[in-house]
Amino acid sequence: MSPSAQRIDVHQHVVPDFYRAELAKAGIADAGGRALPDWTPESALELMDLLGTTTSIVSVSTPGTGFLTDPGEAADLARRLNDHSAALTADHPGRFGFFATLPMPDTDVSAAEATRALDALRADGVTLLANNRGTYLGADGQDRLWRTLNDRGAVVFVHPAELPAPPVDGIPAFAADFLLDTTRAAYLLVRNGIPRRYPDIRFVLSHAGGFVPYSSHRMAVTIAGDTSRSPLDVLDDFRSFYFDTALSSSPAALPTLLAFARPGHVLFGSDWPFAPTPAGQYFANGLDSTVDSGTLKAINRTNAEALFPRLAATPPTQSPALPAPVRLRQAAQRTAARLVFKLVQPGTD
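What you see as residue numbers is a count from 1 along each chain, following the sequence as written. In keeping with the model being predicted, local features are shown solely for residues with a pLDDT of at least 70 and side-chain atom pairs are shown and tallied solely at 80 or more, while totals for entire chains, interfaces and linings include all residues. As a rule here, side-chain values cover all heavy atoms of the structure and leave hydrogens and water aside.

Undergrad: Sorry, what's going on with the overall build of the protein here?
TA: Numbering of helices and strands runs from the N terminus; a helix is a DSSP stretch of H or I covering at least four residues, while a strand is a stretch of E covering at least two. A tally of helices and strands in the protein yields 14 helices and twelve strands. Restricting the contact set of the protein to residue pairs at least 6 apart, pairs at least 24 apart contribute 79%. Carbon and sulfur atoms form 57% of the exposed surface of the protein, whose accessible area is close to 14,900 Å². Throughout, a contact is declared for two residues whenever any of their heavy atoms are within 4.5 Å. In this description, accessible areas are obtained by the Shrake-Rupley approach with a 1.4 Å probe, and a residue is regarded as covered only by the protein chains that are shown.

Undergrad: When you look at the sheet that holds strand β10 (residues 202-205) in this model, what are you seeing that I'm missing?
TA: Within a sheet, adjacent strands bond to each other through the backbone by hydrogen bonds, running parallel or antiparallel. Strands qualify as paired when DSSP identifies two bridges or more between them. The strand order across the open sheet built from eight strands is β1-β4-β5-β6-β9-β10-β11-β12, with neighbouring strands paired in parallel fashion. Since the sheet does not close on itself, it has two edges, and those belong to β1 (7-13) and β12 (266-267), each with one partner. Sheet topology note: the strand β6 (residues 125-129)/strand β9 (residues 155-159) ladder contains four bridges and is parallel. Directly across from V126, in β9, lies its bridge partner V156.

Undergrad: Could you clarify how one ought to interpret empty space enclosed by the protein in this entry?
TA: If a probe as big as a water molecule is rolled over the atoms, it shows which places are left empty. For each structure, a 1 Å grid was placed over the protein atoms alone; sets of points admitting a 1.4 Å probe that cannot get out are labelled cavities, open sets with protein on both sides within 12 Å along at least five of seven lines are labelled pockets, and lining residues have an atom within 4 Å of a point. Grid points are joined across faces, edges and corners, and a volume is the space filled by probe spheres set on the points. Inspection of every chain in the model, using the stated rule, returns two cavities of 30 Å³ or more. Here the largest cavity is characterised by a volume of approximately 90 Å³. What lines the largest cavity is a set of 13 residues, and nearest its centre among them are G64, T101, L102, T127 and L129. No other element matches β6, which puts three residues into the lining of the largest cavity. Each residue is assigned to one of three groups, with Ala, Val, Leu, Ile, Met, Phe, Trp, Tyr, Cys and Pro labelled nonpolar, Asp, Glu, Lys and Arg labelled charged, and all others, Gly among them, labelled polar. Class assignment of the residues belonging to the lining of the largest cavity gives a composition of six nonpolar, seven polar and no charged. Lining the second largest cavity are T245, L247, S249, F268, G269, S270, A279, G280, F283 and A284. When the residues that make up the lining of the second largest cavity are grouped by side-chain class, the tally is five nonpolar, five polar and no charged.

Undergrad: Can you help me understand the nonpolar core in this one?
TA: Generally speaking, nonpolar side chains in soluble globular proteins are found buried as a group. In terms of nonpolar packing, the biggest core is built from 75 residues, with V126, L128, W146, L149, F203, F238 and F241 touching the most fellow members. Here W146 is in contact with L128, L137, G138, L189, I194, Y198, I201 and F203, once residues within four sequence places are set aside. Residues enter a nonpolar core if they are buried and are Ala, Val, Leu, Ile, Met, Phe, Trp, Tyr or Cys, with the set joined through side-chain atoms within 4.5 Å. Partly exposed residues are those whose accessible area sits between 20% and 50% of the maximum for their type, while under 20% is buried and over 50% is exposed, using a 1.4 Å probe and protein chains only. Membership of the second largest hydrophobic core comes to 13 residues, among which are V10, I57, Y242 and L307.

Undergrad: Can you help me understand the pattern of salt bridges in this one?
TA: Side-chain pairs of opposite charge can arise where the charged atoms are in close proximity. Basic side-chain nitrogens of Lys or Arg form a salt bridge, by our definition, when they fall within 4 Å of a carboxyl oxygen of Asp or Glu. Considering all chains together, one arrives at 17 salt bridges under this definition. We note a salt bridge from K25 to E22, for which the minimum N-O separation is 3.7 Å. Taken as a pair, K25 and E22 lie in helix α1 (residues 17-25) at a separation of three residues, close to a single helical turn. A salt bridge links D236 to R262; the nearest nitrogen and oxygen atoms lie 2.8 Å apart. Within this pair, whereas D236 is found in helix α9 (residues 231-239), its partner R262 is found in the loop between α10 (254-260) and β12, the two being separated by 26 residues in sequence. Under the relative-accessibility criterion, D236 is labelled partly exposed at 34%.

Undergrad: Got a minute to help me understand the layout of surface pockets in this structure?
TA: In this structure, the largest pocket encloses a volume near 460 Å³. As for the largest pocket, its lining consists of 30 residues, of which L179, H207, A246, L247 and S248 are closest to the centre. Those elements that place two or more of their residues in the lining of the largest pocket are α6 (177-191), α8 (212-227) and α10.

Undergrad: Help me understand unusual backbone geometry, please; the structure alone is not making it clear to me.
TA: Residue P63 follows T62 across a cis peptide bond; omega there is 15°. Residues W272 and P273 are joined by a peptide bond in cis, for which omega reads 5°. You can see P273 is positioned in the loop between β12 and α11 (277-290). Within the chain, A208 stands out as a residue other than glycine whose phi angle is a positive 60°. Mapped onto the elements, A208 comes out in the loop between β10 and α8. The buried category is assigned to A208, whose relative accessible area is 7%.

Undergrad: What am I meant to see in the packing of aromatic side chains here?
TA: How two aromatic rings sit relative to each other is given by the distance of their centres and the angle of their planes. Between the rings of Phe, Tyr and Trp (Trp by its six-membered ring), a pair exists once the centres lie within 6.5 Å; its type follows the angle of the planes, with under 30 degrees stacked, over 60 edge-to-face, and the other angles tilted. Here the structure, examined in full by the defined rule, presents eight aromatic pairs. Plain terms: the ring middles of F99 and F308 are 6.0 Å apart, the flat faces sit at 55° to each other, and that makes the pair tilted. In this pair, F99 sits in strand β5 (residues 96-101) while F308 sits in the loop between α12 (293-307) and α13 (309-313), placing the two residues 209 residues apart along the sequence. The interplanar angle of 75° and the centroid separation of 6.1 Å between the aromatic rings of F243 and F260 together place this pair among those described as edge-to-face. With a gap of 17 residues between them, F243 in strand β11 (residues 242-244) and F260 in helix α10 connect regions that are remote in the sequence. Across this residue pair, the class does not change: F243 and F260 are buried.

Undergrad: Is there a simple way to explain the pairing of strand β4 (residues 53-59) in this structure?
TA: Moving residue by residue along a regular strand, the side chains alternate between the two faces of the sheet. With respect to burial, β4 is a largely interior element, seven of its seven residues being buried. Note: β1 against β4, five bridges, orientation parallel. Opposite Q12, over in β4, you have V58 as the bridge partner. The sheet contact formed by β4 and β5 spans three bridges and is parallel. Paired with I57 across the bridge in β5 is G97.

Below you can see the structure in the form of structure tokens.
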């Protein structure tokens, strides 16, 4: 991976101390089966420099504010998280943007917070969990929120949550259930016509859309039979989504994603810090070594610039020169990561 890749990372998370404390009060110490990671702006910038990322659009991962059953408390926490992310963006010009947290499943309050975050805080979009206490995106009763977002041509970053079902021993949610959760939300959004009724919303699906590219035709035939729509129209709706590469730019998954997604609809994502630094390096190497230079440049940056015009209007911010020991350490990390990636690829026999 090149330190000068100038990537725009649309899937990076923040875990502010006050949010960690709220989760701890509720007895929550992990997200999706993974312990809550440490996070600081400084560690985020260090990771970005290692991966060649100039700008990261940050978001709050599952459980968002959904662990709070009091609507007022959830709304207050969402406001605090969004104010924090807005301040992070202001404190580090050009290095960060943010997707606003909304206090779902309360769609009215979420619409109000979306208005504040997009209009006043200048958020780059909003993040919505695929399901909120078992209610999936695309279900009935969410039209006020969709209208609010459509009126603003908003970007909606869809992130998985834990399935509304008991976990299976030995299978952490982030490893498999998250992919199904995103797929369920995408299915219901298309099944219920949300992309067609609200065409100015741009949906970004995490982790290459879960199972969407792989199972798109199977799902399209099912929806067509259920709704009497053309399978081609249904597939077109699935292809209207954008997809990030977080934990998904492997030689097995990436070709399927690129074969399915519309040109310009694949974006770089790292999923840091929930995906630790070695995982970020592994999948970044998968991207760097799998696609041609034009496709790589588009995924790394230009596709995101088209989705977020403010990033195209400002030249990439150059990172300050790092001390020689740090540069040497990062160069060694990159070399080791490239070697590990090559070693673990399956053989051809």
